[in-house]
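# A structural walkthrough
Below, each chain spelled out in residue letters.
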Number of protein chains: 2
Amino acid sequence: MCGIVGYVGKSKAAPIILDGLKRLEYRGYDSAGVAVLGQDGFKLAKQTGRVEGLIQKAAPSTLPGSCGIGHTRWATHGGVTNENAHPHLSSDGKIALIHNGVIENYAAIKKFLLSKGYTFASETDTEVLTNLIAYHYEKEGDPADGGSRLLESVRKTLFHVEGTYGICVLCSDCPRELVAARKGSPLILGVGQDELVVASDVAALVSRTQNVVYLKDGELVGIRDNAFEISTINDTDVSPVIDKVTWQVQDAELGDYAHFMEKEIFEQPQALENAMRGRFAEDGSTANFGGLNLSANELRATSRLMFCACGTAMFAGLVTEHLVERFARIPVECDHASEFRYRNTPLFSNTLFFVISQSGETIDTLAAMREAQRKGFKVLAINNVVGSTIAREADGGIYQHAGPEIGVASTKAFTSQLMIGAMLALYLGRIRDMSFRDGVEIVKALKAAPDLVREALQQADHIKQIAQRYAQVSDMLFLGRLELFPIAAEGALKLKEISYIHAEAYPAAEMKHGPIALINADCPSVFLVPNNELFNKVVSSMQEIKARGGPIIAITTDDADLPEGLADDVITIPACHEAVLPIVATIPLQLFSYYVAVERGCDVDKPRNLAKSVTVE
Amino acid sequence: MCGIVGYVGKSKAAPIILDGLKRLEYRGYDSAGVAVLGQDGFKLAKQTGRVEGLIQKAAPSTLPGSCGIGHTRWATHGGVTNENAHPHLSSDGKIALIHNGVIENYAAIKKFLLSKGYTFASETDTEVLTNLIAYHYEKEGDPADGGSRLLESVRKTLFHVEGTYGICVLCSDCPRELVAARKGSPLILGVGQDELVVASDVAALVSRTQNVVYLKDGELVGIRDNAFEISTINDTDVSPVIDKVTWQVQDAELGDYAHFMEKEIFEQPQALENAMRGRFAEDGSTANFGGLNLSANELRATSRLMFCACGTAMFAGLVTEHLVERFARIPVECDHASEFRYRNTPLFSNTLFFVISQSGETIDTLAAMREAQRKGFKVLAINNVVGSTIAREADGGIYQHAGPEIGVASTKAFTSQLMIGAMLALYLGRIRDMSFRDGVEIVKALKAAPDLVREALQQADHIKQIAQRYAQVSDMLFLGRLELFPIAAEGALKLKEISYIHAEAYPAAEMKHGPIALINADCPSVFLVPNNELFNKVVSSMQEIKARGGPIIAITTDDADLPEGLADDVITIPACHEAVLPIVATIPLQLFSYYVAVERGCDVDKPRNLAKSVTVE
């Protein structure tokens with residue numbers, strides 16, 4: 001989604017801002033722009049396409065000044081055009097603005113501003129906001145108390161605005177000033193050596209400083225020279241808390257890999273170890289989590305679990321549903337966060353809520369969490385980014401510790417969520433009816449996961465060859481059952497996201513109730529067919545596809561005995577415990593989609609239309 | 001799925017059997033065959049393709065005899081070949097067999113039979129069964145009590161068989177005899193004037209008689225001349241109950257329509273009236289159902305509802321979930337029947353179970369019902385076919401009264417299920433917290449549904465023109481929210497089933513979490529965007545698609561104010577109550593998929609690979 005970088009300091013602003021924008025590229029965008037405030041007022045450069053193109057057009061040397069803002073845009077209002085790119089200037093030329101989010105009452109405000117003589121060059125809600133700040137700045141005199149006129153103008157403006165925003169504002173009258181504010185969109189203030197950086201994501205400022213203030217919803221920060229003050233929109237002062245970021249800048253760099261997605265696929269054994277570290281009980285029979293903020297006694301009283309998430313994280317929830325239901329015998333429901341938020345489903349008072357979000361900024365998931373909290377439920381978060389909005393607003397939770405995930409298509413964050421889900425199922429089982437013996441067996445199985453994943457990763461070359469053969473198809477089906485159905489769904493989503501092949505998943509037996517109409521020689525199917533109690537049933541589904549001429553790729557376990565000639569291609573993974581199988585079965589699907597996308601020449605780490613963390617509704 | 005017709009009577013068997021097979025065509029098949037037993041033994045004709053082709057090849061006049069069997073095959077074991085088509089003859093030429101279902105231990109039996117010198121011409125499990133009957137017939141002497149040697153051979157054979165079957169058996173030694181048996185596959189005996197007909201579906205025998213005996217699982221029927229006797233596989237006699245079929249033969253004929261699907265789309269106002277008839281309380285504030293077999297008191301104690309179904313019926317369950325949760329504030333879960341059967345989800349003892357199946361023969365749904373019953377739950381069925389296996393085995397239920405549905409792609413049965421779901425939600429609401437006033441309002445709204453559907457059907461020509469413009473696309477997305485998400489899913493499934501366009505549905509806001517990668521000028525989206533509390537949110541989703549160049553078809557209500565130019569094509573339906581909106585919104589989607597399929601030259605009523613009611617697992 002849209003990215004924000006703002007800078008006030010002693011260095012030249014443009015190179016720092018452009019470097020920050022490059023580090024935000026992974027979040028997805030379609031245009032980029034930068035504005036710097038120098039001796040001669042604003043210098044502005046913006047255009048559609050990549051940040052690299054922007055750098056070539058606007059050489060940092062042509063953008064003087066040590067105060068500026070930059071933006072990557074993911075279109076919501078208005079098409080992908082140079083005019084619609086940010087920053088936007090007010091029609092009087094005084095205010096420059098970058099904005100993440102959506103202004104919902106922009107039409108009414110625009111009407112008002114047109115009547116006041118302001119003009120508009122773009123189709124965006126952002127330009128409306130820019131002119132409204134200019135209007136208030138014009139009306140506002142210089143504050144008597146020596147306060148900032150710009151800050152007060154922004155505060156007044158935000159009173160009148162409905163919607164969500166993360167903004168950075170410059171004013172041509174105020175060469176060393178920057179105002180930023182947030183509601184619904186993340187914003188972080190980096191406190192560096194003689195410089196202050198504002199960004200929508202830690203990745204954009206970690207090369208300048210590791211000292212950060214996570215701004216809360218409804219807060220404004222006013223920067224003048226080397227000082228900053230934080231207040232709320234309602235003008236209450238806020239004492240800033242400075243946190244330390246643990247990520248290093250090299251964690252988010254590519255190293256020897258061709259793509260971040262490839263790097264992150266191969267980082268999974270390590271990410272799984274990080275998810276487990278320090279979280280098993282001394283007796284080796286259960287998991288422990290430090291941050292749940294709920295006692296075993298409170299957790300025993302739970303009669304139902306609810307998971308809300310979006311996209312890939314939702315599939316991690318669906319796998320966890322199966323494992324919790326099996327191990328702990330608690331009914332679990334999983335819902336799309338965007339739907340849960342509005343559907344007002346009846347809830348039992350002893351429902352335990354979880355949200356899952358890698359970034360901790362997914363707006364739909366955040367909104368679902370707030371809706372549950374409004375109804376009086378405690379919500380726990382499974383989340384990778386320390387200090388994210390969801391992590392801070394949740395009543396407790398479990399950090400993934402997977403390290404920064406840069407590839408837009410989630411890989412290591414997903415399997416890390418699966419691991420935490422399995423550990424959670426174990427823990428909830430052991431405080432209910434699960435025996436010490438079963439607990440020990442599952443702990444052992446989970447500890448084996450990193451090595452099993454290493455073994456699965458060794459199939460990379462074999463999978464690459466298969467992927468190259470199938471790379472030119474337009475349609476695919478992904479089929480699995482029970483805890484492997486969500487894995488099939490994740491495999492289909494991954495392929496869709498980075499190769500634009502129309503891949504779709506079904507529970508394997510549901511396929512014959514309609515989707516089988518798609519099957520012909522041009523529509524291959526990927527079957528997840530481990531050696532378990534449903535092996536023969538899945539084989540029957542494969543025979544139905546085979547009888548209709550559909551090519552088959554089978555992902556099976558090394559202890560299974562697939563009928564000769566049934567699958568056109570076979571990928572074998574090590575046999576393993578049902579708690580670990582979803583993790584191990586994910587590996588070949590990730591590799592398959594990665595190699596297909598590479599073979600098709602797709603931009604793996606920055607697929608078209610997509611955003612890494614979706615911060616608009 | 002596979003169809004069975006058997007005949008013993010005074011007329012020539014072949015024309016009656018071939019007519020029956022034609023009436024079974026709608027169930028989906030890929031090959032057909034017939035065997036008649038005349039003076040010179042068996043005459044057999046079978047081949048891949050349509051029944052019409054079989055009739056041309058094997059003119060009824062070349063198939064003499066008044067005892068015979070016929071079959072339509074939907075391939076499971078072995079490809080679609082002439083050899084694999086039924087009937088199969090035993091290698092000694094004595095036994096002819098047709099078979100629906102799957103013999104799971106066929107490999108072991110085949111090995112045994114090969115050792116006894118039997119030979120095999122096909123890849124099917126059915127031929128194995130044929131030879132096993134021949135083996136037992138050979139071993140069995142003529143019964144001392146004048147009983148049937150053929151019947152006893154079949155009984156012995158079925159002792160040794162694992163799997164599911166509906167079978168008809170002839171023996172060349174017994175010119176006026178036919179034995180049929182069932183386990184897991186439906187079979188109905190028609191008792192006509194001087195003739196007996198066995199069929200897998202009422203449609204195949206209703207032109208001969210309306211007097212039928214619904215065979216139960218594990219029952220055999222032995223027919224000799226004009227007499228029949230029913231017993232169990234364990235040799236217990238069964239007293240037959242003769243039922244009367246209410247359908248007329250013309251109900252299942254095409255009339256002036258081009259396709260059954262078109263006919264059934266236009267029959268929906270009538271089908272909705274039939275679903276409501278006699279089911280509203282006298283005070284006009286609630287619905288009543290005669291056959292639930294549960295008191296209001298028992299239903300009040302319900303803390304959760306569970307729906308299991310497959311394909312289109314599952315989407316009816318998902319809509320009902322929303323309405324029950326809104327009107328009655330009871331949490332509802334909906335599961336794929338095939339998954340529920342094996343996933344052993346934890347259940348509360350006061351869960352109320354429903355299954356939904358038009359045909360009442362869907363094997364996955366039947367198995368889910370039996371699993372719930374095994375665990376001690378009462379299961380209620382929403383079902384269209386009177387006397388179907390699910391209807392008979394359920395603990396209660398609601399008949400749809402939609403009349404026979406012949407088109408493979410379900411239309412009137414679906415909206416009829418939606419109507420019954422809405423009435424159920426109303427009923428469950430009124431025995432809980434719903435007021436008289438709200439009840440009256442909903443009853444009024446439901447009664448208006450047939451006329452609203454008539455109004456929506458008037459858009460047919462407009463929708464046809466739109467459909468013709470989009471008919472050549474390869475991919476589409478269908479997007480809706482809350483109770484209209486399942487309707488989007490049904491719209492996508494319908495298009496997939498009959499036009500083979502890869503259409504997929506998402507909750508509208510979930511689209512941006514991955515699937516949006518598919519969007520370009522070649523991938524249109526259909527949005528369901530009624531004027532309700534989420535109108536602006538759906539409009540935002542449309543803007544995200546529009547910004548990425550995706551064409552948009554909007555289905556909106558006549559009181560909505562869509563932004564000018566946002567959608568490329570707009571279809572307007574009448575504004576209506578949320579209980580009725582899913583029904584009315586379905587109409588344009590059905591018409592769209594129908595006209596697209598016609599434009600593409602697809603075989604609308606008999607789409608490739610599909611079966612009307614899926615009677616294998």
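Quantities reported herein were computed from a predicted structural model and do not represent experimental measurements.

## So, the overall build of chain A
A count of helical and extended segments in chain A gives 19 helices and 25 strands. For 617 residues, the compact-globule estimate of 2.2 N^0.38 gives 25 Å, and chain A sits close to it at 26 Å. With respect to the three principal axes, the spread of C-alpha positions in chain A is 80 × 55 × 45 Å. Every one of the 617 residues in chain A was classed for burial, and the buried ones make up 66%. Considering only residue pairs separated by 6 or more positions, chain A has 71% of its internal contacts joining residues 24 or more positions apart. Carbon and sulfur atoms form 47% of the exposed surface of chain A, whose accessible area is close to 20100 Å². Computing the positive centroid from 59 side-chain charges and the negative centroid from 76, chain A places the two 3 Å apart.

## A word on the layout of surface pockets
Considered as a void within the structure, the largest pocket measures approximately 1100 Å³ in volume. Looking at the largest pocket, it is lined by 38 residues, and the ones nearest its centre are Asn536(A), Ser540(A), His77(B), Val102(B) and Glu104(B). Those elements that provide at least two residues to the lining of the largest pocket are helix H18 (535–547) of chain A together with helix H3 (106–115), helix H10 (337–343) and helix H11 (363–374) of chain B. The greatest single-element share of the lining of the largest pocket, amounting to nine residues, is contributed by H18(A).

## Quick word on the side chain of Asn131(B)
Topologically, Asn131(B) is positioned in helix H4 (residues 125–139). When residues no more than four places from it in sequence are discounted, the contact partners of Asn131(B) are Ser90(B), Ser91(B), Leu113(B), Tyr118(B), Thr119(B) and Phe120(B).

## Remarks on the nonpolar core
Ranked by size, the top nonpolar core spans 130 residues in total, and within it Leu428(A), Leu446(A), Met476(A), Phe478(A), Phe592(A) and Met542(B) carry the most contacts. The element contributing the most residues to this core is helix H19 (residues 581–599) of chain A, with 12 residues. If near-sequence neighbours (up to four positions away) are discounted, Phe478(A) is found in contact with Ala488(A), Gly491(A), Ala492(A), Leu495(A), Ala503(A), Glu504(A), Ala505(A), Tyr506(A), Val526(A) and Leu589(A). Membership of the second largest hydrophobic core comes to 97 residues, among which are Phe280(B), Val319(B), Ala328(B) and Ala579(B).

## Side note on the relation of the copies chain B and chain A
If you rotate chain B by 180° and push it 0.0 Å along the axis, it lands on chain A with an RMSD of 0.1 Å. Seen this way, the second copy is the image of the first under a two-fold rotation axis. Taken together, the interface assignments show that 100% of the residues at the interface of chain B recur at the interface of chain A, consistent with an identical surface on both copies.

## What to know about the sheet that holds strand E23 (residues 525–528) of chain B
Residue and element names in this part refer to chain B. A sheet is described by the order of its strands in space; here five strands give the open sequence E22-E21-E23-E24-E25, paired in parallel fashion. Each end of this open sheet is capped by a strand with a single partner; those strands are strand E22 (502–507) and strand E25 (569–573). Sheet twist, expressed as the mean angle between neighbouring strand axes with direction ignored, is 20°. Note that E23 and strand E24 (residues 552–557) share four bridges and pair parallel.

## Some remarks on the interface of chain B and chain A
Taken together, the contacts link 70 residues of chain B with 70 residues of chain A. Our count for the contact surface shared by chain B and chain A stands at 14 salt bridges. Summed over the shared surface of chain B and chain A, the number is 38 residue pairs in polar contact (both at pLDDT 80 or more). When residues of the side of chain B that touches chain A are traced back to their parent elements, those giving at least two are helix H9 (311–328), strand E17 (332–336), H10, strand E21 (475–480), helix H16 (485–499), E22 and helix H17 (535–547) of chain B. The greatest single-element share of the side of chain B that touches chain A, amounting to five residues, is contributed by E22(B). Class assignment of the residues belonging to the side of chain B that touches chain A gives a composition of 30 nonpolar, 18 polar and 22 charged.

## Remarks on the pairing of strand E16 (residues 304–309) of chain B
Residue and element names in this part refer to chain B. In terms of residue burial, E16 counts as a mostly covered element, since six of its six residues are buried. Every second residue of E16 is oriented toward a common face, with Arg-304, Met-306 and Cys-308 on one face and Leu-305, Phe-307 and Ala-309 on the other, all of them buried. Pairing of E16 with strand E18 (residues 351–357), which is carried by five bridges, proceeds in the parallel orientation. Residue pairing for E18: Arg-304 is matched across the bridge by Thr-351. Pairing of E16 with E17, which is carried by five bridges, proceeds in the parallel orientation. Bridge pairing links Cys-308 to Asp-335 in E17. Read from E16 through H9 to E17, the crossover connection turns out right-handed.

## A short note on the environment of Ser31(B)
Residues and elements named next belong to chain B. Counting through the fold element by element, Ser-31 comes out in strand E2 (residues 31–38). For Ser-31, a relative accessible area of 0% gives the class buried. Considering only alpha carbons, one finds Ser-31 and Val-80, 49 residues apart in sequence, at a separation of 7.1 Å. Not counting chain neighbours up to four residues away, the residues in contact with Ser-31 comprise Gln-47, Thr-48, Gly-49, His-71, Thr-72, Arg-73, Val-80 and Ala-85.

## Section: the packing of aromatic side chains
Enumeration according to the criterion identifies 17 aromatic pairs over all chains in this entry. Residues Phe112(B) and Tyr135(B) carry aromatic rings whose centres are separated by 5.1 Å and whose planes lie at 90° to one another, so their mutual orientation is edge-to-face. With Phe112(B) in helix H3 and Tyr135(B) in helix H4, the pair connects residues that are 23 residues apart, well separated along the chain. Of the residues examined, Tyr135(B) reaches a relative accessible area of 14% and is grouped as buried. Taken together through their ring pairs, the aromatic side chains of Phe112(A), Tyr118(A) and Tyr135(A) make up a single cluster. Directly above the aromatic system of Trp74(B) lies the positively charged group of Arg548(A), at a separation of 3.9 Å from the ring centroid. Between the NZ or CZ atom of Arg149(B) and the centre of the ring of Tyr137(B), over which it lies, the distance is 4.1 Å.

## Some remarks on the UniProt feature "domain: Glutamine amidotransferase type-2" (unreviewed entry) in chain A
In this structure's numbering, the residues bearing the UniProt feature "domain: Glutamine amidotransferase type-2" (unreviewed entry) are residues 2–226 of chain A. Structurally, residues 2–226 of chain A comprises 24% helix and 32% strand, and the distance from its first C-alpha atom to its last is 26 Å.

## Regarding the sheet that holds strand E19 (residues 379–383) of chain A
Residues and elements named next belong to chain A. An order of E17-E16-E18-E19-E20 is seen for the five strands of this open sheet, with the pairing classed as parallel. Among the strands making up the open sheet, the edge pair consists of strand E17 (332–336) and strand E20 (396–399). On average, each strand axis in the sheet is tilted by 20° relative to the strand beside it, whichever way the strands run. Sheet topology places strand E18 (residues 351–357) next to E19; five bridges connect them, and they run parallel. Bridged to Phe-353 within E19 is Val-379. Contacts from helix H9 (residues 311–328) reach strand E16 (304–309), E17 and E18, with the element oriented near 170° to E17.

## Some thoughts on unusual backbone geometry
His86(A) connects to Pro87(A) through a cis peptide bond whose omega is -5°. One non-glycine residue, Asn609(A), lies in positive phi territory at about 70°. As for its position among the elements, Asn609(A) is in the segment after H19. In this structure, Leu482(B) is a non-glycine residue whose phi angle is positive, near 50°.

Reading the values: rules and limits
Note on numbering: residues in each chain are counted from 1, in written sequence order. Each chain gets a letter, beginning with A, and each ligand a number, beginning with 1, in the order they are written. Under the rules for a predicted model, residues below a pLDDT of 70 receive no local features and side-chain atom pairs below 80 are neither given nor counted, while totals for whole chains, interfaces and linings still include all residues. Side-chain calculation: all heavy atoms of the structure are included, whereas hydrogens and water are not. Here a strand is any run of E in DSSP of at least two residues, a helix any run of H or I of at least four, and the numbering for each starts at the N terminus. Put simply, the radius of gyration uses C-alpha atoms, and a globule should come to 2.2 Å times the residue count raised to 0.38. Whether a residue is buried, partly exposed or exposed follows from its accessible area with a 1.4 Å probe, protein chains only, as a fraction of its type maximum: under 20%, in between, or over 50%, in that order. In this analysis, two residues are considered to be in contact whenever any of their non-hydrogen atoms come within 4.5 Å of each other. Calculation of accessible area relied on Shrake-Rupley with a 1.4 Å probe; when residues are assessed, cover is drawn exclusively from the protein chains displayed. In this tally Asp and Glu are treated as negative and Lys and Arg as positive; neither His nor the chain ends contributes. A single reference atom marks each charge: NZ on Lys, CZ on Arg, CG on Asp, CD on Glu. Cavities and pockets were defined on a 1 Å grid built over protein atoms only: a cavity is a set of grid points that admits a 1.4 Å probe from which the probe cannot escape, a pocket is an open set flanked by protein on both sides within 12 Å along at least five of seven lines, and lining residues are those with an atom within 4 Å of any such point. Grid points are joined across faces, edges and corners, and a volume is the space filled by probe spheres set on the points. Grouping buried Ala, Val, Leu, Ile, Met, Phe, Trp, Tyr and Cys residues that are joined through side-chain atoms within 4.5 Å yields what is termed a nonpolar core. Alignment of copies: least-squares fit on C-alpha atoms of residues with pLDDT of at least 70 in both copies. Two strands form a pair only when DSSP identifies at least two bridges running between them. Only the contacting stretch of a helix is used when fitting its axis, a line to C-alpha atoms as for every element, and angles between N-to-C directions run 0 to 180 degrees. A side-chain nitrogen of Lys or Arg and a carboxyl oxygen of Asp or Glu constitute a salt bridge if their distance falls within 4 Å. Identification of polar contacts relies on pairs of N or O atoms within 3.5 Å, with a donor-acceptor requirement for protein atoms, meaning one able to donate a hydrogen and the other able to accept it, and with residues adjacent in sequence counted only if both atoms are side-chain atoms. Three residue categories are used. Nonpolar comprises Ala, Val, Leu, Ile, Met, Phe, Trp, Tyr, Cys and Pro, charged comprises Asp, Glu, Lys and Arg, and polar comprises the others, including Gly. Throughout, right-handed denotes a crossover for which the path from the first strand over the helix to the second runs clockwise when the strands point away from the viewer. Stacked, tilted and edge-to-face are the three classes assigned to paired rings of Phe, Tyr and Trp, where Trp is represented by its six-membered ring and a pair needs centres within 6.5 Å; plane angles under 30 degrees give stacked, over 60 edge-to-face, the rest tilted. In this scheme, Lys NZ or Arg CZ marks a charge over a ring once it lies within 6 Å of the ring centre and within 35 degrees of the ring normal. UniProt positions are given in the numbering used here, feature names are shortened, and annotations may be inferred rather than shown by experiment.

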